[in-house]
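Here is how the chains run, residue by residue.
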Amino acid sequence: MNYKELLENARTCIGNYCKACPICNGIACRNSIPGPGAKGVGDNAIRNYQKWQEIRVNMDTICENKPVDTTLDLFGQTFKYPFFAAPVGAVNMHYGDRLNDTLYNDILVSACRENGIAAFTGDGVDPKVMEGATAAIAKVNGCGVPTVKPWNMGIILEKLDLVRKSGAFAVAMDIDAAGLPFLKNMTPPAGSKSVDELRRIAEIAGIPFIVKGVMSTKGALKAKEAGASAIVVSNHGGRVLDQCPSTAEVLPEISEAVGSQMKILVDGGIRSGTDIFKALALGADGVLICRPFVTAVYGGEKEGVRIYIEKLAEELKDTMAMCSAFSLSEITRDMVRI
């Protein structure tokens, strides 16, 4: 199977909303929710993708010809590549009932581990979602990052207990999920969290805590104050607030504000190894990719995930070599043009 065949297979079973497009740019699904679209007018997912395309890379092949090293060290783990599968939930509702969250995570987590990276897993109203996700991570000796939604503290404690039992090397909270309808008007209240609340959650977690959904320098500094080990610059694929800037637009200023004080990951419209290179050049330590991994699982299960990872890896290696960067530490801001 090749990548084109993977997409063709996905189109036969991925439901009515996602079109398994050759380029996942948010146009065909625009504001389809349920489905993979964005909120409101639906242009945030499109903007995420387009802004990465506006950034160009500076070629420089006057250099020594040597192998490219793409390995990333993160929280005591060494990964083959600086990218991860991002969390997703309710796949049966948004992408077709061929899979549910438990089956999806079971395939994705193990396939990512076998191919040298890790998967972030999603969360949901049904307790079985987190139970299945953490069970999948436990099977691969903790090589995965469960993502807990900003529930009330009682539910968070229950979820963190599952996380600890899984042996996960880190845990995330997608704080921007406060904009999802099913989190609103809950009793006890769920949603946004203060710095003090996040600090308490990070302390209780006892492992590196990642705050996902940061879109400003102010938010990044709050996450740092709360004791986060990392942030994910993310607007939730445009699914929680209409008319946001893209992640590519805010990443440079966030990176400049935070520096090396904590790890910076980024998602949103990153679709190729060249896009990954651009994100690293603008200050990210690594990237997360969501929708195309869903297509990969629906289109080819474990083989589909392997094919997509290898595609990204080859594109990244080629871009690095053509820009005179032979390790991730050699990728610098002057290698891209904004």
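This section reports on the structure supplied with the text. Bear in mind the structure is a predicted one, so any value in this text is a computation, not a measurement. (Residues numbered from 1 in each chain as written. Predicted model: local features only at pLDDT ≥ 70, side-chain atom pairs only at ≥ 80, totals over all residues. Heavy atoms only, no water.)

### Description of the packing of helix α5 (residues 127–139) against helix α6 (residues 153–166)
So, point 1. Here α5 crosses α6 at 15°, and the two axes come no closer than 8 Å. It follows that α5 is roughly parallel to α6 by the angle criterion. Pair α5 / α6 crosses with right-handed handedness. Mapping the contact onto sequence places Met130, Glu131, Thr134, Ile137 and Ala138 in α5 and Lys159, Leu162, Val163 and Ser166 in α6. (Axes fitted to C-alpha atoms, helices over the stretch in contact; angles between N-to-C directions. Helix = DSSP H or I, 4+ residues; strand = E, 2+ residues; numbered from the N terminus. Parallel < 35°, antiparallel > 145°, perpendicular 65-115°, else oblique. Left-handed = near helix turned anticlockwise from the far one by under 90°. Contact = heavy atoms within 4.5 Å.)

### Here's the deal with the packing of aromatic side chains
So, point 1. Enumeration according to the criterion identifies 8 aromatic pairs in this entry.
So, point 2. Arranged with centres 5.5 Å apart and planes meeting at 45°, the rings of phenylalanine 79 and phenylalanine 169 form a pair that is tilted. Of this pair, phenylalanine 79 sits in strand β3 (residues 77–79) while phenylalanine 169 sits in the loop between α6 and β7 (171–174); the two residues are 90 residues apart in sequence, bridging distant segments of the chain.
So, point 3. Looking at phenylalanine 79, the relative accessible area reads 3%, which means it is buried.
So, point 4. Judged by its relative accessible area of 8%, phenylalanine 169 is buried.
So, point 5. Centre to centre, the rings of phenylalanine 84 and phenylalanine 120 are 6.0 Å apart; their planes meet at 65°, and the pair counts as edge-to-face. Of this pair, phenylalanine 84 sits in strand β4 (residues 83–85) while phenylalanine 120 sits in strand β5 (residues 119–121), placing them 36 residues apart in sequence. The exposure classification of phenylalanine 84 matches that of phenylalanine 120, with both residues buried. (Phe/Tyr/Trp six-rings, centres within 6.5 Å; stacked < 30°, edge-to-face > 60°. Buried < 20%, exposed > 50% of the residue type's maximum accessible area, 1.4 Å probe, protein only.)

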